[in-house]
Amino acid sequence: MNAESRQSGHSGGSGRAEPGGRPLDFGVFFFAAVGDRSEETYRLMLDAARRADELGFGFVSTPERHFHRFGGAFPNPAVTSAAVAAVTRRIGIRAGSVVTPLHPASRIVEDFAAVDGISGGRVAISVGSGWNVNDFVIAPDKYDTRREQMARDVAAIREAWRTGRWTGRTPLGTEATLPLYPRPVQPELPVWVTASRSEGTFIEAGRIGCNILTHLENQDVASLAGKVALYRAARAEAGWEGPGTVTVMMHTYVAEDPQRAREVGGGALRDYLLSAIDLEAGAVQAGGRMSGNKEGRDVLSAARAQQKLADLGVNRYLSGNSLIGSVEECTDTACRVRAAGVDEIACLVDFVSDPAQVLASLELVDSVRREAARAVEPAGAR
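Residues numbered from 1 in each chain as written. Predicted model: local features only at pLDDT ≥ 70, side-chain atom pairs only at ≥ 80, totals over all residues. Heavy atoms only, no water.

A. The arrangement of the overall build of the protein chain in detail. Tallying secondary structure elements over the protein chain gives 11 helices and 11 strands in all. A total of 382 residues make up the protein chain; the buried ones form 54% of that total. The long-range fraction of contacts in the protein chain, counting pairs at least 24 apart against all pairs at least 6 apart in sequence, stands at 74%. Accessible surface for the protein chain amounts to roughly 16200 Å². Of this, 51% is attributable to carbon and sulfur atoms. (Helix = DSSP H or I, 4+ residues; strand = E, 2+ residues; numbered from the N terminus. Buried < 20%, exposed > 50% of the residue type's maximum accessible area, 1.4 Å probe, protein only. Contact = heavy atoms within 4.5 Å. Areas by Shrake-Rupley, 256 points an atom, 1.4 Å probe, with all protein chains shown as cover.)

Structure follows, in structure tokens:
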């Protein structure tokens, strides 16, 4: 068994695979849909990160997105991670996720090693192969082989992080092995793989010993449970230590009054989903596929169809596939998610644009976190 096999499956996370073990962990996930001005988005990101740090949340995660207002405030998660590291003290700092085929793997190591140093050893990344054909204007030759490239990148990033060495070819055609700086604080980089609805991605993540970051866009809690089981079986078969960490992103807005939570959260979510659908439509119109490798649909180009899809999406998320509701309702949902084998919930909070509402909701999310912990606490520990 190699060095990676000996590392814990819970690097960067505090959950355990079995309900009744350590509590379900919660983190804050950012993915705002912005216009021409992003100052307020960043101010909210930093304010919410500080408060999540004070409350004892597990992690803060920022994404990578290019060429669209949906997520467009976050073109480089290393930059936003460094900003979060500078204003927090203990909370984990994650990229969710890095599209590795768009970047030299050596630069990913350099960037996040710097964040690891700034944060005192709190960094982790989730990696993705990318899906939007428009994003690949950055690296057009990598689009067709992006999945295979991501697998190679994970191995190269882990090796370079551990050894501090990078081997590549110079412009003169010679091979050079060079030292990588800065050196990180953590000897191993905790790595998640971003997975959508594909069982194959869950299995592959288990096989290579990574954690999982997923969501409930193309799956429900029941179907997710089956994929978590496949992931953990693949990890065990490959000889990796521990069950790994499964993190699920959920749209989150909690209020004292459940009706108020639905009015504010549901209304904001509809606008947010319209922005996401516009992103998908742009990819389809460019000749690519939708996220989750779904076939493109011409219907996405019609405004009326987009509005109907957004309404369907809101109804689906409000039917137990989000943390939008009261503390009691969201605690029940969190416990269902925990029973499916999930270790962490990444609470996507900034789809609601009002910073005051987001920060007020975060206080109640902490109540959900505590109630969910009590709900799964072993009886003898009470």
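B. Region of the structure containing the pattern of salt bridges. The final tally for this structure, using the stated rule, is 18 salt bridges. Notably, a salt bridge pairs Asp135 with Arg65, separated by 3.7 Å at the nearest N-O pair. Of this pair, Asp135 sits in the loop between strand 4 (123–128) and helix 5 (146–163) while Arg65 sits in the loop between strand 2 (59–62) and helix 3 (77–87), and the two are 70 residues apart along the sequence. Linking Arg370 and Asp366 is a salt bridge whose minimum nitrogen-to-oxygen distance equals 3.0 Å. Here the residue Arg370 and the residue Asp366 both occupy positions in helix 11 (residues 355–376), the gap between them amounting to 4 residues, near one helical turn. Its relative accessible area of 44% is what places Arg370 among the partly exposed residues. If you follow the salt bridges from partner to partner, you end up with Arg51, Glu54 and Glu363 in one network. (Salt bridge = Lys/Arg side-chain N within 4 Å of Asp/Glu carboxyl O.)

C. Focus on the nonpolar core. Grouped together as the largest cluster of nonpolar side chains are 96 residues, with contacts concentrated most on Phe26, Phe57, Phe112, Ile125, Ile345 and Phe351. Counting residues per element, this core draws most heavily on helix 8 (residues 258–285), at 7 residues. Counting 5 residues, the second-largest nonpolar core is a separate cluster that includes Val99, Leu102, Phe136 and Tyr143. (Core = buried A, V, L, I, M, F, W, Y, C linked by side-chain atoms within 4.5 Å.)

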